[in-house]
Every structure is written in C-alpha cells, then in structure tokens.
Amino acid sequence: MPLQTYREQFPILRDKIHLGNCSQSPQSLPVLAAMDEYLENWRTVGMDWEFWMEGVERAKISFARLIHADVSEIAVLSSVSDATSMIASALPIGHRHHVVTTVDEFPTVGHVWHAHAERGRIQLDFAKAADRIYTPAVIEPLLQASTALVSVHHVGYYNGAKQDLKTLAACAHANGSFLFVDAYQSLGTCDLDVKTQGIDILVSGNLKYLLGMPGVAFLYVSREVAEQLRPAMTGWFGRQNPFHFDAEHLDYAEGARRFNTGTPPVLAAFAARGGMDFLQNVGLKTIERRIDELSAFALAGVRARGLALASPGDVAHKGATTAIRVGDAHAVEQYLMERNIIASARADVIRIAPHFFTLESEIDQALDAIADWVRRH
Ligand SMILES: Cc1ncc(COP(=O)(O)O)c(C=O)c1O
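Everything quoted here is computed from the prediction, not taken from an experiment.

Rules of the game
- Residues numbered from 1 in each chain as written.
- Predicted model: local features only at pLDDT ≥ 70, side-chain atom pairs only at ≥ 80, totals over all residues.
- Heavy atoms only, no water.
- Helix = DSSP H or I, 4+ residues; strand = E, 2+ residues; numbered from the N terminus.
- Buried < 20%, exposed > 50% of the residue type's maximum accessible area, 1.4 Å probe, protein only.
- Core = buried A, V, L, I, M, F, W, Y, C linked by side-chain atoms within 4.5 Å.
- Domains from an automatic or database assignment.
- Contact = heavy atoms within 4.5 Å.
- Near = heavy atom within 4 Å.
- Polar contact = N/O pair within 3.5 Å; in protein donor to acceptor, adjacent residues only side chain to side chain.
- Areas by Shrake-Rupley, 256 points an atom, 1.4 Å probe, with all protein chains shown as cover.
- 1 Å grid on protein atoms, 1.4 Å probe; cavity = no way out; pocket = protein on both sides within 12 Å on 5 of 7 lines; lining within 4 Å.
- Sits in = over half its atoms within 2 Å of the grid points.
- Nonpolar A, V, L, I, M, F, W, Y, C, P; charged D, E, K, R; others polar.
- Pairing = 2+ DSSP bridges.

Help me understand unusual backbone geometry, please; the structure alone is not making it clear to me.
Excluding glycine, residues mostly carry a negative phi; peptide bonds, for their part, are mostly trans. Of note, the amide linkage connecting Leu-91 to Pro-92 takes the cis form, showing an omega dihedral of -5°. Summarising the element assignment, Pro-92 is placed in the loop between helix H4 (80–88) and strand E3 (98–102). Phi angles above zero are rare outside glycine, and Ala-347 is one such case at about 50°. Structurally, Ala-347 is set in the loop between strand E12 (344–346) and strand E13 (349–352). Among the residues examined, Ala-347 registers a relative accessible area of 59% and is labelled exposed.

Have a look at this one:
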C-alpha cells in the first residue's frame, strides 16, 4: 500500500501533524473497527463472555506474533505498572531476591521494585550510566549470586536511548539471573524477537507506537521462567480453570496464564489487536527501516538548526524519539499544539516521535517551530 493510503487510515493527519507517538499515537480506522466489533456485540447480543474471551485471545495471539513468542507465554493486564507488580509479587525466585535496575527506567518500574524492597521482600540496586546507555560494563559490577532479575528498558522514555538487549541478556544469564525488559517505547517501531534476544520477561502497554488505547498491557514470560513463579498478585483468571469456582484452593494455570488476575480489559484488548494487526500488515521490518530513516532525518534537522540534542547522536543507539533540550518543554508543547503540531514534553525536553506514516516535511515543520520558539526565549 502506498504511504498516502496508510495515512488515510488516520483521520487526524488531515488537520494535524502527529509526532506524539511516544505518548499516544493517533486514532486509526482499523482500531475503531476492532472496537466497534465489541460495541456492536454488546449492543446486539447483550451478554457474550465467550466472544469477549475470544477477542482477548486474539489480542494475545497478535502480541505473541509481534514479539515472536508463543501465545501460552502471554498474560493480559491493565498497565505496565500492574505487569511489573505482578512479577515483583512472584519474587524471590528460589534463593534469589536481588533486583538490579537503572535510574533511567520509566519511574513506575523503579517505584514497584522500591515498594517491594521497602517491605524487605527484595534487595534493590540502581545502575546509572552518564550517557543513558546500559552496557554489561555498567550492569555487571552490581550483580550478586542472589540477583534474580536485571530490569532494563529497551528504548528510554526521556530521550529514546536504545539498549542492546542481547548483550544484557547474556550478561544476566552468565550470572544465573533473568532479563526483565520494559519495551513500551520500542514495540511497534521495530521487529523485536524475544527468543533471539534472550529476553525472559517483557512488559508493554499499547497506546504508544502500538496504536492502541489506555487500559491494556501485555506481559511475556518465557515458558521456563513462568513455571518457576507463583505470583501473590492473582485472581480467578490465573487459575487452571477459572470457571471451577472453588474459593478454598489455589492452583496456578500453566505458562503465562497464571499471571492473569480478574476480568480482562476487553474493549482495550480489542483496540490493541486492531492496532497490532495493522502494524503487522504494514510489516515491522519495513516500519523499522522507515523509522531509522526518519530518525536520521530528525537528527540532521536538529543539528542544522543548532538545537540542543538530548538523544544519542546516531541512529544505531536510538529509538524513534528524538529529544531536544528546550528548558520549559511544556511551554513548547503548548506552542506546537497551537500550530496543530502534537509533540510530547518530558522534564526539560520536547520529544519528536514519528511513526511509519510520518512525512519528512512534518518533521521539518515541527523543528522550524521549535527553533522559532527557542530563538524568542
Ligand atoms: C517506557 C515506559 N514504561 C512504562 C510507562 C507507563 O506505563 P503504565 O502507565 O502502563 O503503567 C511508560 C509511559 O509513558 C513508558 O514510557
């Protein structure tokens, strides 16, 4: 399909430049159609749990395909915070109660590990890399014989710094530890294969590059790891047979089903599947190449305008986001919004986050407006 046909799937692109994909991607017709399947069923059938469960299963299948996992390795939760809490509730693993994470995680991940450390359930260490790139050289000194998990992001929320997950997995595994990855800022922009990368546990929501809406998140736990975990955060959907209705006994379902809790977020799961299937029809490898082109274009544009780059300076070390240090980033976000340009502020940076449907001319317009704001302030 030509780019213009894809762009027509996003009605908002007629009126606005949407470079806020690191925060919330634009609404698309395939996502609306998937949501409408649920709404129409609710409207006309009235009560149809089987249809709901089928819809959630289809979303799991789509997510599994996206990361090259098996559907039995996927659980459905409501947010990355929930999915992280789920894993924390299953620690320690045997004698291993130590978690190594980084100061550059999205804060929610750090908060969850902290809450469990505060209760004495785990021991926690934070790694800090000055350039926000986490190599084994940074992580290794913090590992202990008791380290259960190394918890890192794939692409950083603040400036798009991209981590080499394969080397981090090898580093964790050499210590007998597992790799936990927050891939919220990368899924939808690249072809990530959890098996070849050696990822043991992965979490992501869907409202960023996966084109979905708030309310749903997916948790991948490899088959081997899942069988070792008995989460304290649980509910009837985590049982071998949720419809057995036995309050007196606690069993754990096979594989990642044990990480389900209560009634899943059905509408959001329908939307998520619509977005993920759309991306897979375009092709993740094609999208990855296009994002790299746009990333290189944005980097060149930032340099040409003399703006202060806060992202890594080469495409190999960054995801889709290009962050520009502007000081009062919320004022810049507002300034852009008034010009029909959607970009996202975080602390002192404004983030330009294109997707496969973005045009170079749109990035130019955004960078011109940012340069204009910087000149005046
Ligand atoms: C990398 C990353 N992780 C986690 C989150 C938050 O996830 P949730 O709100 O689903 O808990 C965000 C949100 O911006 C994020 O960028």
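How should the nonpolar core be read in this particular structure?
The nonpolar side chains of a soluble globular protein tend to be buried, and buried together. Membership of the largest hydrophobic core comes to 60 residues, with the highest contact counts inside it found for Phe-63, Ile-67, Ile-139, Leu-187, Leu-202, Phe-218 and Phe-356. Going through the elements one at a time, helix H3 (49–67), strand E2 (74–77), strand E5 (147–153), helix H7 (165–174), strand E6 (178–182), strand E8 (217–221), helix H10 (266–282) and helix H11 (284–304) are the ones with two or more residues in this core. At nine residues, H10 tops the list of elements feeding residues into this core. Taken domain by domain, this core gets at least three of its residues from each of domain 1 (3–26 + 284–376) and domain 2 (31–279). Among residues more than four places away in sequence, those in contact with Phe-63 are Ile-74, Leu-187, Leu-202, Ser-204, Phe-218 and Met-276. Of all hydrophobic cores here, the second largest spans 31 residues; its members include Val-80, Met-86, Leu-91 and Trp-113.

Honestly, the site of the ligand in this entry has me stumped. Any pointers?
The local shell around the ligand consists of Ser-79, Val-80, Ser-81, Phe-106, Tyr-157, Asp-182, Tyr-184, Gln-185 and Lys-208. Separating an oxygen atom of the ligand from a backbone N or O atom of Val-80 is a distance of 2.9 Å. Within the contact set of the ligand, a nitrogen atom lies 2.6 Å away from a side-chain nitrogen or oxygen of Asp-182. Considering the ligand on its own, with 400 Å² of exposed area, one finds that the protein chains cover 85% of that surface. More than half of the atoms of the ligand fall within 2 Å of the grid points belonging to the largest pocket. Residue classes in the shell around the ligand are distributed as four nonpolar, three polar and two charged.

Even after reading the chapter, I still don't get the pairing of E13, so can you show me in this structure?
It is a general feature of regular strands that their side chains alternate between the two faces of the sheet. Residues Val-349 and Arg-351 point to one face of E13 and Ile-350 and Ile-352 to the other, with burial holding for every one of them. As paired elements, strand E10 (residues 322–325) and E13 share four bridges and run antiparallel to each other. Across the sheet, Ile-324 pairs through a bridge with Ile-350, a residue of E13. Where E12 meets E13, three bridges bridge the pair, whose relative direction is antiparallel.

How should H4 be read in this particular structure?
Val-80, Ala-83, Thr-84, Met-86, Ile-87 and Ala-88 are the residues of H4 that are buried. On the buried face of H4, the contacting elements are E2, helix H5 (107–118), E5, E6, strand E7 (201–205) and E8.

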